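Fold and geometry: a report
Letter by letter, the chains look like this.
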Amino acid sequence: MKPAPTLPPLRETVRAHGLQASKALGQNFLFDEQLLDRIAALPGDLDGATVFEVGPGPGGLTRALLRAGAKVIAVERDDRCLPLLGELGDAFDGALTVIADDAMAIDADALAGRPYHIVANLPYNVGTALFTRWLEPAEWPPTWLSLTLMFQQEVAERIVAKVDTSAYGRLAVLAQWRSTPRIAMKVHRSAFTPPPKVMSAIVHVVPAEQPEGVKPAILSRLTAQGFGQRRKMLRQSLKGMAGAIEALEACGIKATRRAETVTVAEWVELARVLSK
């Protein structure tokens, strides 16, 4: 791995460009290089690896990923950040590719062209939508090798939640039925500029083996129905999905139960019956 170029502190670069975090874009900047290096280390050895990053902002985490030897594809919709990222790409001799676009409109698989890691301090306003998209490809294992994502701590806890807890819901089922998520690190709100109102946490996810006979789209729809009215009994929340009530009976799951009492394995079994 080449030695990393010497760069001025990110805080100075941001100040020189007159850049401030945009509340409308859900931006909160991280300037602590040691913390950023710790985040970049979570996926493992990135030397020569491809990393897809969403919302790099001024490039704090991007710097850390490049220092780790990664080739980074960064998608940034804030035009104000593009000059800083352009300078960063020049400093790292072309190891950074910047796409000026909305990440919701981007096909990461097509951009990366090979197995890659996703590492991002996700903008709070699109984080969950992007995460569920990455969890739902029909082909499994996915092209991504791991997800290392910053969320509000409350969202992170929903991703790793256990059945029959207040945090358990559709996000937990989608994250756990064929992948293994864990909270890898908590980040205090004071680490950000400006500090957000809530604490943050980094979730690390790796693909696991997919249960046989289950169509991901069926599981996605089933959990959307079930948890969409989570306080209602399953016989009410699932009645809008053809065959779901019969599937409950076939799986021996009482229709008087509520969605948050149904384990991940039981949701998978229901989806398997409906996938036939």
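In this report, the structure presented in the accompanying data block is examined. (Residues numbered from 1 in each chain as written. Predicted model: local features only at pLDDT ≥ 70, side-chain atom pairs only at ≥ 80, totals over all residues. Heavy atoms only, no water.)

1. Structural notes on the environment of isoleucine 39
Looking at where isoleucine 39 falls in the secondary structure, it is placed in helix H2 (residues 33–41). Since its relative accessible area comes to 4%, isoleucine 39 is described here as buried. Distance from isoleucine 39 to leucine 65, taken between C-alpha atoms, is 8.8 Å for residues 26 residues apart in sequence. If near-sequence neighbours (up to four positions away) are discounted, isoleucine 39 is found in contact with Leu30, Leu61, Thr148, Met150, Met185 and Ile202. (Helix = DSSP H or I, 4+ residues; strand = E, 2+ residues; numbered from the N terminus. Buried < 20%, exposed > 50% of the residue type's maximum accessible area, 1.4 Å probe, protein only. Contact = heavy atoms within 4.5 Å.)

2. A word on the packing of aromatic side chains
The tally for this structure, following the rule as stated, stands at six aromatic pairs. Arranged with centres 6.3 Å apart and planes meeting at 70°, the rings of phenylalanine 29 and phenylalanine 31 form a pair that is edge-to-face. Exposure class is identical for phenylalanine 29 and phenylalanine 31. Each is buried. Ring centres 5.3 Å apart and planes at 70° place the aromatic pair phenylalanine 131 and phenylalanine 151 in the edge-to-face group. Of the two residues, phenylalanine 131 is situated in helix H6 (residues 127–135) and phenylalanine 151 in strand E6 (residues 144–152); the sequence distance between them amounts to 20 residues. Grouping aromatic residues by their ring pairs yields a cluster made of Tyr168, Phe227 and Trp267. (Phe/Tyr/Trp six-rings, centres within 6.5 Å; stacked < 30°, edge-to-face > 60°.)

3. Re the sheet that holds strand E9 (residues 200–207)
Through backbone hydrogen bonds, the strands of a sheet pair up, either in parallel or in antiparallel fashion. One open sheet accounts for seven strands, arranged E4-E3-E2-E5-E6-E9-E7; its pairing is mixed. Unpaired on one side and paired on the other, strand E4 (96–99) and strand E7 (179–187) mark the two borders of the sheet. Ignoring which end each strand starts from, the neighbouring axes of this sheet average 20° apart. Two elements, E7 and E9, share eight bridges in a ladder whose sense is antiparallel. Each bridged residue has a counterpart across the sheet, and for threonine 180 the counterpart in E9 is valine 206. (Pairing = 2+ DSSP bridges. Axes fitted to C-alpha atoms, helices over the stretch in contact; angles between N-to-C directions.)

4. Some points on the pattern of salt bridges
All chains considered together, the criterion is met by eight salt bridges. In this structure, the salt-bridge partner of glutamate 136 is arginine 170, at a minimum N-O distance of 3.4 Å. A residue pair is termed long-range when its members are at least 10 positions apart, and glutamate 136 in the loop between H6 and E6 and arginine 170 in helix H8 (residues 170–176) qualify at 34 residues. Each of Glu33, Asp37, Arg63 and Arg67 takes part in a single network of salt bridges with overlapping partners. (Salt bridge = Lys/Arg side-chain N within 4 Å of Asp/Glu carboxyl O.)

5. Section: the nonpolar core
By size, the foremost hydrophobic cluster in this structure holds 30 residues, and its most contacted members are Phe52, Phe131, Trp134, Leu147, Leu149 and Phe151. Residue contacts for leucine 147: discarding those within four places in its chain leaves Ile118, Phe131, Trp134, Leu135, Val203, His204 and Val205. Within the second largest apolar cluster, 26 residues are counted, among which are Leu61, Leu66, Val72 and Ala95. (Core = buried A, V, L, I, M, F, W, Y, C linked by side-chain atoms within 4.5 Å.)

6. Notes on the packing of helix H9 (residues 216–228) against helix H12 (residues 264–275)
The angle between the axes and the distance between the axes are what describe a pair of packed helices. For the pair H9 and H12, interaxial distance at closest approach is 9 Å and the crossing angle is 120°. On the basis of their axis angle, the class for H9 and H12 is oblique. Regarding H9 and H12, the two cross each other, and that crossing is right-handed. Each of Ile218, Leu219, Leu222, Thr223, Gly226 and Phe227 in H9 lies in contact with H12, whose residues at this interface are Trp267, Val268, Leu270, Ala271, Leu274 and Ser275. Considered class by class, the residues forming the contact of H9 with H12 number nine nonpolar, three polar and no charged. (Parallel < 35°, antiparallel > 145°, perpendicular 65-115°, else oblique. Left-handed = near helix turned anticlockwise from the far one by under 90°. Nonpolar A, V, L, I, M, F, W, Y, C, P; charged D, E, K, R; others polar.)

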